[in-house]
Amino acid sequence: MKFFVDTAEIDAIAELNDLGMVDGVTTNPSLIMKSGRDIIEVTREISAMVDGPVSAEVVATKAEDMIAEGRKLAEIGENIAVKVPLTWDGLKTCKVLSGEGKMVNVTLCFSANQALLAAKAGATFISPFVGRLDDVNIDGMDLINDIRVIYDNYAYDTEILVASIRTVNHITDSARIGADVITAPPEVIKKLASHPLTDKGLEAFMKDWAKTGQKIL
Ligand code: E4P
C-alpha cells in the first residue's frame with residue numbers, strides 16, 4: 001500500500017521523505033491556507049522534492065474554469081495530479097484532463113456510486129473521506145470495502161486513495177481491505193511506529209544495560 005502525506009508543510013514532508021515513507025503528497029485549499037504559502041510556489045517545491053504524485057486542487061466550480069486551473073497546476077511538474085471535487089463539473093473536468101494524459105484525483109467522495117462515476121470518467125485516484133463519514137456516524141471503512149469490491153468486479157484501474165484519515169486504525173483497515181493508497185497527516189503516519197509495549201520493553205532493557213556497566217562505543 002502506498003503512503004501519501006496529507007500536508008503542505010515542507011519540513012514535515014522532507015522528514016518522512018528522507019525515511020523513504022513518502023510515495024506521494026496530497027494538498028487541498030485548507031492545507032494550503034494552513035501553510036500560509038502561495039499554492040504555485042509550495043506545490044512546485046513539493047513536486048521537486050518527491051518522486052510520486054502530488055495532488056493540487058482546483059478551486060473553480062465550473063468545468064471550463066476547472067479545466068483551465070487544472071492545466072495550469074499540471075504545468076508545475078510531471079508528477080502533479082489535478083484534484084477535482086466529485087461534482088458533475090468535476091467529473092467533466094476529470095474526463096477532459098485524463099484524456100490529455102494528466103493524472104486526476106477526484107476528491108470529496110462519500111458514496112460508492114460517486115466512486116463508480118469517477119472511475120468511468122477516467123480518474124487516476126478516487127479519494128473517499130473516511131474520517132468525515134465517521135464524524136456523521138457512518139462507517140467510513142464500509143465505503144472503502146464497497147469501492148474495492150465494485151472496482152474489482154469491473155477491473156477499473158482507478159486507485160482507491162483513502163483520505164480524511166484520523167487514526168492509525170484507519171490505516172490498518174485500509175491495508176486489510178486492499179486500498180491502493182492512504183493519505184494521512186504526518187503525525188498519524190509517525191504514530192504507526194508507536195506501541196506502549198515497545199516503550200516498556202526498551203525501558204527495561206535500558207535499566208538492565210545500565211547494571212552491566214558496559215559500553216558498546
Ligand atoms: C486529502 O486528499 C483530503 O483533502 C484530506 O485527507 C481531508 O482530510 P480531513 O477530513 O481531515 O480534512
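This text follows the structure it describes.
What counts and how
Residues numbered from 1 in each chain as written. Predicted model: local features only at pLDDT ≥ 70, side-chain atom pairs only at ≥ 80, totals over all residues. Heavy atoms only, no water. Buried < 20%, exposed > 50% of the residue type's maximum accessible area, 1.4 Å probe, protein only. Helix = DSSP H or I, 4+ residues; strand = E, 2+ residues; numbered from the N terminus. Pairing = 2+ DSSP bridges. Right-handed = clockwise from strand over helix to strand, strands pointing away. Disulfide = S-S within 2.5 Å. Near = heavy atom within 4 Å. Polar contact = N/O pair within 3.5 Å; in protein donor to acceptor, adjacent residues only side chain to side chain. Areas by Shrake-Rupley, 256 points an atom, 1.4 Å probe, with all protein chains shown as cover. Nonpolar A, V, L, I, M, F, W, Y, C, P; charged D, E, K, R; others polar. Axes fitted to C-alpha atoms, helices over the stretch in contact; angles between N-to-C directions. Contact = heavy atoms within 4.5 Å.

### Some remarks on the pairing of strand E1 (residues 2-6)
Part 1 of the argument: For E1, the buried fraction is high: 4 of the 5 residues fall into the buried class.
Part 2 of the argument: Judged from the 4 bridges that link them, E1 and strand E8 (residues 181-184) form a sheet pairing that is parallel. Residue pairing across strands places lysine 2 opposite valine 181, the latter belonging to E8.
Part 3 of the argument: Examined bridge by bridge, E1 and strand E2 (residues 24-26) share 3 bridges and lie parallel to one another. By the bridge assignment for E2, aspartate 6 is matched with threonine 26.
Part 4 of the argument: Since E1 and E2 lie parallel, the crossover through helix H1 (residues 10-18) that links them has a hand, and here it is right-handed.

### What about the state of the cysteines?
Part 1 of the argument: The full count for this structure, using the stated rule, is 0 disulfides.
Part 2 of the argument: Unpaired in terms of disulfides, cysteine 109 finds its nearest cysteine sulfur in cysteine 94, a separation of 12 Å.
Part 3 of the argument: With relative accessibility at 0%, the residue cysteine 109 sits in the buried group.

### Section: the site of the ligand
Part 1 of the argument: Looking at the ligand, the residues that line it are Asp6, Thr26, Asn28, Lys83, Phe129, Arg132, Ala163, Ser164, Arg166 and Thr183.
Part 2 of the argument: Within the side chain of serine 164, an N or O atom sits 2.7 Å from an oxygen atom of the ligand.
Part 3 of the argument: Measuring from an oxygen atom of the ligand, one finds a side-chain N or O atom of arginine 166 at 3.1 Å.
Part 4 of the argument: Protein burial of the ligand: of its 340 Å² of free accessible surface, 84% is covered by the chains.
Part 5 of the argument: For the shell around the ligand, a count of residues per class yields 2 nonpolar, 4 polar and 4 charged.

### Describing the sheet that holds strand E3 (residues 54-57)
Part 1 of the argument: Reading around the circumference, E1-E2-E3-E4-E5-E6-E7-E8 is the order of the 8 strands in this closed barrel, with parallel pairing throughout. The sheet shows a mean angle of 30° between the axes of neighbouring strands, direction not considered.
Part 2 of the argument: Pairing between strand E6 (residues 125-128) and strand E7 (residues 159-162): 2 bridges, direction parallel. When the bridges of E7 are listed, phenylalanine 125 appears paired with glutamate 159.
Part 3 of the argument: The sheet strands contacting helix H5 (residues 88-99) are strand E4 (80-85) and strand E5 (103-109), and the helix crosses E4 at an angle near 155°.
Part 4 of the argument: Of the strands in this sheet, E5 and E6 are in contact with helix H6 (residues 112-120), which crosses E5 at around 165°.

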